[in-house]
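# Chains, contacts and geometry: an overview
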2 protein chains.
Amino acid sequence: MFFELKRGDLGNTSAMYARTFFEELDIDSVTVAPYMGEDSVTPFLSYEGKWVILLALTSNKGSHDFQLTTDTEGERLFEKVLRKSQQWADDQQMMYVVGATQGRAFEDIRKIVPHHFLLVPGIGAQGGSLEEVCKYGMNSQCGLIVNSSRGIIYADKTERFAEAARQAAQEVQQQMAEQLKKL
Amino acid sequence: MFFELKRGDLGNTSAMYARTFFEELDIDSVTVAPYMGEDSVTPFLSYEGKWVILLALTSNKGSHDFQLTTDTEGERLFEKVLRKSQQWADDQQMMYVVGATQGRAFEDIRKIVPHHFLLVPGIGAQGGSLEEVCKYGMNSQCGLIVNSSRGIIYADKTERFAEAARQAAQEVQQQMAEQLKKL
């Protein structure tokens, strides 16, 4: 027997995943890769109050492999994803992953999706700058969900973990509060 | 609380998924979207005898949204995925998803990956032609894993299901045997 596990799929299978995640597990959002296009994403969009978070320009090194490829119209792949996917859902159902390591690309992204939430991983362990993210990515409502994982959960490996993680989380919180004053 | 589920991720998280799928669940292969690039895929490649199946040119309508986009070098996105990903693993560790609905694109694909297995969904319910797939996609070892799911599992909705599904599976098997004579 050969057991195969698929992650990201076409319409009918996506619909089953969506039901499992949103109805049975009552999860609030699912992050989806856009590679397979509209009919792989839309089944996740038929649940009120649930979000689809579409990968746009990720924080990792591999983001350079395909996401920055420029097409014959002069559009980069992540820009095409941002542009086309707005036909699938509005900014109350969809948000986008944009890595904190992408710096001024946030300016280009805000030209295409001025009102959407951006989910921003990559501050802390991956070296992204919160200040830069806010400078180029914040809109009038803030519009950013900035995530720190490893900077907090790997803050300490000893029995001091709870205190160290608390401190790391508070530091990020204070940096965010500082940025929010600029709204 | 906001529960978020991610599907497809960067290096350190991919490594955890890989361990779960390949060690704990003992699954044989994982299908991965290439959008996030090399470091999202390579963690799945460190398990001997396990396969990564990379999405290349899928069978669904949405395959036209991004996978066929031509870049400034004249290369389509799925071709770039095939070309670049060969630097990540050889044909004993990686295979590619190519939809049965893609017809003569199999010719272009075989120019880039002559020896790799292609996993081919899309015959039956999705309308792909087994004959066309074999004509343009078969290599000297066959090199195709053709999958029929809905054509079999939805063959009948009554208590006759077992018999109907058996018959549908046998029909596909016979069509495949016919094609294999051409090797």
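Located above this text is the structure these notes cover.
Structural notes, computed from the coordinates. Because the structure is predicted, anything quoted here is derived from the model rather than measured.

What counts and how
- All residue numbers refer to positions counted from 1 along the written sequence of the respective chain.
- In the order they appear in the text, chains get letters beginning with A and ligands get numbers beginning with 1.
- Selection of residues for local features in this predicted model requires a pLDDT of at least 70, selection of side-chain atom pairs for listing and counting requires 80 or more, and totals for whole chains, interfaces and linings are taken over all residues.
- Note that the side-chain values use all heavy atoms of the structure and ignore hydrogens as well as water.
- The rule is short: rings of Phe, Tyr and Trp, with Trp giving its six-membered ring, pair when the centres are within 6.5 Å, and they are stacked under 30 degrees, edge-to-face over 60, tilted in between.
- A run of DSSP states H or I qualifies as a helix once it reaches four residues; a run of E qualifies as a strand once it reaches two. Both are numbered from the N-terminal end.
- The classification of residues rests on relative accessible area computed with a 1.4 Å probe and restricted to protein chains. Under 20% of the type maximum is buried, over 50% is exposed, and intermediate values are partly exposed.
- Least-squares superposition of the copies uses the C-alpha atoms of those residues scoring a pLDDT of at least 70 in each of them.
- Residues count as neighbours in contact if any of their non-hydrogen atoms are within 4.5 Å of one another.
- Every patch collects residues that have over 30% relative accessible area and no salt bridge, joining them within 9 Å if they carry like charges and within 5 Å if they are nonpolar side chains (Val, Leu, Ile, Met, Phe, Trp, Tyr).
- Methods summary: accessible areas were calculated by the Shrake-Rupley approach with a probe of 1.4 Å, and residue burial reflects only the protein chains presented.
- Salt bridge, as applied in this entry: a Lys or Arg side-chain nitrogen positioned within 4 Å of an Asp or Glu carboxyl oxygen.
- Arc definition: it is the arc formed by the directions from the helix axis to the C-beta atoms.
- Within this scheme, the nonpolar core is defined by two criteria: the residues are buried Ala, Val, Leu, Ile, Met, Phe, Trp, Tyr or Cys, and they are joined through side-chain atoms within 4.5 Å.
- Pairing of N or O atoms within 3.5 Å defines a polar contact, subject to two protein rules: one partner must be a possible hydrogen donor and the other a possible acceptor, and residues neighboring in sequence count only if both atoms are side-chain atoms.

Moving on to the packing of aromatic side chains. Each pair of aromatic rings is reported with the distance of its centres and the angle of its planes. Residues and elements named next belong to chain B. Applying the stated criterion across every chain, the model contains ten aromatic pairs over all chains. Ring centres 5.3 Å apart and planes at 55° place the aromatic pair F22 and Y47 in the tilted group. Taken together, the positions of F22 in helix α1 (residues 11-24) and Y47 in the loop between α2 (38-41) and β3 (51-57) put the pair 25 residues apart, joining distant regions of the chain. Taking the relative accessible area as the measure of exposure, F22 reaches 3% and is therefore buried.

For the rest of this paragraph, the subject is the relation of the copies chain B and chain A. Between the two copies of the chain lies a relationship made up of a rotation around an axis and a movement along it. When chain B is fitted onto chain A, the two copies agree to an RMSD of 0.0 Å after a turn of 180° and an axial shift of 0.0 Å. The superposition of one copy onto the other is thereby described by a two-fold rotation axis. When C-alpha positions in chain B are compared against the rotation axis, the closest is assigned to D71 of chain B, at 1.9 Å. Take the interface residues of chain B: 100% of them recur as interface residues in chain A, which is what a same-surface contact looks like.

Bringing unusual backbone geometry into the picture now. Among all residues save glycine, negative phi is the norm, and among peptide bonds the norm is trans. We note that C142 of chain A has phi near 85°; this positive angle belongs to a residue other than glycine. Tracing the sequence through the fold places C142 of chain A in the loop between α6 (130-137) and β6 (144-146). On the basis of relative accessibility, which here comes to 15%, the residue C142 of chain A falls in the buried class. Despite not being glycine, D26 of chain B shows a phi value in the positive range, around 55°. With respect to the helices and strands, D26 of chain B occurs in the loop between α1 and β2 (29-32). Given a relative accessible area of 46%, D26 of chain B falls into the partly exposed group.

A few words now on a nonpolar patch on the surface. There is a patch of nonpolar side chains on the surface, built from M16 of chain A together with I153, Y154 and F161 of chain B and spanning about 410 Å² of accessible area. Along the chain, I153 of chain B turns up in helix α7 (residues 150-153). With a relative accessible area of 48%, I153 of chain B lands in the partly exposed category.

Residue and element names in this part refer to chain B. Here helix α5 (residues 105-112) has its buried residues at A105, F106, I109 and R110. Down the axis, α5 shows its buried residues gathered within 140° of arc, on one side only. Considering only its buried residues, α5 is in contact with β3, α4 (77-85), β4 (94-98), β5 (118-120), α6 (130-137) and β6 (144-146).

Okay, the environment of Q173 of chain B next. You can see Q173 of chain B is positioned in helix α8 (residues 161-180). With 32 residues separating them along the chain, Q173 of chain B and Q141 of chain B place their C-alpha atoms 18 Å apart.

Let's shift gears to the nonpolar core. Counting 98 residues, the largest nonpolar core has M94, L118 and L144 of chain A together with M94, L118 and L144 of chain B as the members making the most contacts within it. Setting aside chain neighbours within four positions, we find L144 of chain A in contact with R110, F117, L118, V120, V133, C134, G137 and M138 of chain A.

Turning our attention to the environment of S59 of chain A. All names here are of chain A. Structurally, S59 can be placed in the loop between β3 (51-57) and α3 (63-66). Classification of S59 as buried rests on a relative accessible area of 10%. A sequence separation of 41 residues divides S59 from A100, and the C-alpha atoms of the two residues are 6.2 Å apart. For S59, the side chain forms a polar contact with the side chain of Q126, separated by 2.7 Å.

So, on to the pattern of salt bridges. Side-chain pairing between opposite charges can occur once the charged atoms of the two side chains come close. Residues and elements named next belong to chain A. Considering all chains together, one arrives at 20 salt bridges over all chains under this definition. Put simply, E163 and R166 hold a salt bridge, and the shortest N to O gap is 3.8 Å. Linking E163 with R166, this pair stays in helix α8 (residues 161-180), spanning three residues, or about one helical turn. The exposure class of R166 is partly exposed, given its relative accessible area of 48%.

This part takes up the side chain of S63 of chain A. Assignment of secondary structure puts S63 of chain A in helix α3. Of the residues examined, S63 of chain A reaches a relative accessible area of 1% and is grouped as buried. Within the structure, the side chain of S63 of chain A is placed 2.7 Å from the backbone oxygen of N60 of chain A, a separation counted as a polar contact. Not counting residues within four places of it along the chain, the set of residues in contact with S63 of chain A comprises T58, L68 and Q102 of chain A together with M36 of chain B.

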